[in-house]
Amino acid sequence: MTNLILMASSLTRNATGLMVVLVLLFGISATISTAQTYTDLHDFNCSKEGCNPQFPAQLAQGRDGNLYGTMPKGGTFNFGTFFKATTGGIVSVPYTFDGNNGNGRVPRSGVTLGTDGYLYGATLSGGQAAGTIFKIAPAGTISTLYSFTGQNGAACPSTGKPDGGSPYAPPIRGKDGFYYGVTSIGTAYRITSSGTFIPLCSPSVLIPFGALSPVVQAIDGNFYGTSTSGNGTVFRFSPSGVAKIIHSFIFSEGSSPVGPVVQGSDGNLYGTTATGGPLGSASGTIFKSSLSGMLTPFHAFDRNNKKIEGYGPKAGLLEATDGNLYGSTQFGGDPVCNCGVLFKITKSGVYTVLHTFHSGEPSQPEATQIQHTDGRIYGLANGPHYSDGGSLYSLAVGLKPFVKLMTLSGKSGQTVQILGQGFSGTTAVKFGTGSANFTVVSDTYLIALVPATGTTGLVTVTTSSGTLASNKTFKVIPTITSFSPTIGPVGTQVIINGTGLTQTTKVTFGGVNATTFTVNSATKVTATVPTGAVDGKIAITTPGGSATSAGTFTVHRLAGRCVVSNGKLTGYCIGELGGICHEAYDPTHCVQGQSVPNVVLFQCHPSTFTIDGSSSCVP
């Protein structure tokens, strides 16, 4: 032990050195990463800039490439602020909350960037009674979209529950263009950018009490979130408001999931709990869950035996462009300060400490990190026991710049907003393999039209300094604009016109799969009417979704054959055209002796007639 202490005294006083000493002294097998750079970008002045960034404190990247967020305290009136920060750490305060004119106060939420360029957030109190939802321009012009009335508010019609109140979390933009959120007293809502507020109600299950973080919309279209009710829950609700608790935590799985869940690229939800877990120290966990609620804790924090790993995570997780998960703990790390750490964990559970906070630094981070399109990770730290203003920090872990898409699916001609950097010299934008028309609005923001030739995949932007790829897949939704012919028997070749058809994987006629089809181009598919096809819509499926024709294809069923001799009909006939059955003995449509060119041939139906194939159709 004496040798170890001497070794410790010879090490330099940096975070990595201290962690190595602790590993040697206590035999703790924590993985320490040295391939990253932590930078304290800005320490907030409480009276001027706001302070104490407590959960969820969501940061957002704006169209201008700057970071935007809120502080719940400080500022001129001590009701909090809305701030802007460059990636270099230059901070300004476009708006200070004063609690007047119904604008609310104590904005713990942070903000979400909308497709209109505004930022959306919530205040914990103020407004009419119990907080507000607001939108604010980057320059600081604010509008209160809705004021919660709490227990005296407008009730959900099916449950009698009030509109909610005390929202910790900001609303997020859904795929349908509405903004969705939850309140801490157990309600969910939908709101438009102009302020039309709709409480979302479920007759059987309500949003649990204690939903403190923003929800996430998963690939199935539902919204998922956490609450601290009981030991904690993971819940979901549909855009129409049908809600369900998909998992209720038992203490050994973790307790108090304060942070949000994030959907990983593998489809699972990932999150943290601040306490509980399978170890006696009850120091929190990292968990993953299927969308149906099958939950597994795959990392347990232990303040008794692995304190240097940190413990008590209140922040959620970030899935970065390398597919790994990044997060922070509020406590642990430096045994003197107990100020928390920043960490990385793989989806297989390999945990690595990236930075340890020390005494005298802003620390104890509660805010979930974000990844900027410059590749770096950004977050907000607070301070030991909230004793200082907090800070904005960056963490460089060697990840490359990328582009961020404001929408992740669309049809040909739809406008997609793209965030990034270095756009001034852009020469090409592609959706998968399809080249798009685009307009460069600024060096950090451009818009592009989904091309008819677009394919589901990454969006790439070619600039003067290289090609940037999106961090998410864009789904090109196919369309069917027309088809020809509109009627025909089994075996007919039907030409289907549309957009986004390059990756066609299935064609159906009235729900029956076409066994043969050819993708001629991004706008044309030729399919053969299959055996067993029925009258109905034509549908095409691609990795980006499905498209259904506006019109109906009519299957001309000619099941037997009429008997013809010397160019004239020699027997009565029956047939089925477009689902209309022409019965036997039909002298109006099939007269014996009539010339074939002058009549419509309805062939014999084998289930009704015996066909001898030479002289007559016999009933």
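Residues numbered from 1 in each chain as written. Predicted model: local features only at pLDDT ≥ 70, side-chain atom pairs only at ≥ 80, totals over all residues. Heavy atoms only, no water.

S.K.: What should I look at first to understand the overall build of the protein in this one?
M.R.: For the protein, the helix and strand inventory stands at 3 helices and 53 strands. When each of the 619 residues of the protein is scored for burial, the buried share is 54%. For the protein, restricting intrachain contacts to residue pairs at least 6 apart in sequence, the fraction spanning at least 24 positions comes to 50%. With the model as given, the accessible surface of the protein reaches about 24200 Å², and the carbon-plus-sulfur share is 54%. (Helix = DSSP H or I, 4+ residues; strand = E, 2+ residues; numbered from the N terminus. Buried < 20%, exposed > 50% of the residue type's maximum accessible area, 1.4 Å probe, protein only. Contact = heavy atoms within 4.5 Å. Areas by Shrake-Rupley, 256 points an atom, 1.4 Å probe, with all protein chains shown as cover.)

S.K.: Help me out: how do you make sense of the pattern of salt bridges in this one?
M.R.: Where charged atoms from two side chains of opposite charge come close, those side chains can pair. Per the counting criterion, the structure on display carries 2 salt bridges. Taking the shortest distance from any N to any O, the salt bridge between Glu 319 and Lys 347 comes out at 2.5 Å. You can see Glu 319 sitting in strand β23 (residues 318-319) and its partner Lys 347 sitting in the loop between β25 (341-345) and β26 (351-356), a full 28 residues away along the chain. Among the residues examined, Glu 319 registers a relative accessible area of 14% and is labelled buried. Notably, a salt bridge pairs Arg 376 with Asp 374, separated by 3.1 Å at the nearest N-O pair. (Salt bridge = Lys/Arg side-chain N within 4 Å of Asp/Glu carboxyl O.)

S.K.: Just checking my understanding: could you explain the packing of aromatic side chains for this structure?
M.R.: Aromatic ring pairs are defined here through the distance separating the ring centres and the angle between the ring planes. Going through the model one piece at a time under the given rule, you end up with 25 aromatic pairs. Ring geometry for Phe 483 versus Phe 553: centroids 6.4 Å apart, planes at 55°, classification tilted. Of this pair, Phe 483 sits in strand β39 (residues 479-484) while Phe 553 is found in strand β47 (residues 545-557), placing the two residues 70 residues apart along the sequence. Like Phe 483, the residue Phe 553 is buried in the burial classification. Lying over the aromatic face of Phe 79, Arg 105 brings its terminal NZ or CZ to 5.2 Å of the ring centre. Sitting over the ring of Phe 55, Arg 108 keeps its end group 4.4 Å from the ring centre. (Phe/Tyr/Trp six-rings, centres within 6.5 Å; stacked < 30°, edge-to-face > 60°. Lys NZ or Arg CZ within 6 Å of the ring centre and 35° of its normal.)

S.K.: In this structure, what is going on with the state of the cysteines? I would like to understand it.
M.R.: What we call a disulfide is simply a covalent bond connecting the sulfur atoms of a pair of cysteines. Throughout the structure, instances matching the rule amount to 2 disulfides. Here Cys 46 connects covalently by a disulfide to Cys 51, the sulfurs 2.0 Å from one another. Covalent S-S linkage joins Cys 337 and Cys 339, the inter-sulfur distance amounting to 1.4 Å. Taking the sign of the torsion about the S-S bond as the criterion, the disulfide between Cys 337 and Cys 339, at about -65°, is left-handed. Side by side, Cys 337 and Cys 339 carry an identical accessibility label, which is buried. (Disulfide = S-S within 2.5 Å.)

S.K.: So what exactly am I meant to see when it comes to the layout of surface pockets here?
M.R.: Over the atoms, a rolling probe the size of a water molecule traces out where space has been left empty. Estimates place the volume of the largest pocket at around 2000 Å³. Considering the residues around the largest pocket, the lining is formed by 49 residues, among which Val 216, Gln 217, Lys 404, Leu 408 and Lys 472 are closest to the centre. Considering each element in turn, the lining of the largest pocket owes the most residues, 4 residues, to strand β38 (residues 466-476). (1 Å grid on protein atoms, 1.4 Å probe; cavity = no way out; pocket = protein on both sides within 12 Å on 5 of 7 lines; lining within 4 Å. Points joined across faces, edges and corners; volume = space filled by probe spheres on them.)

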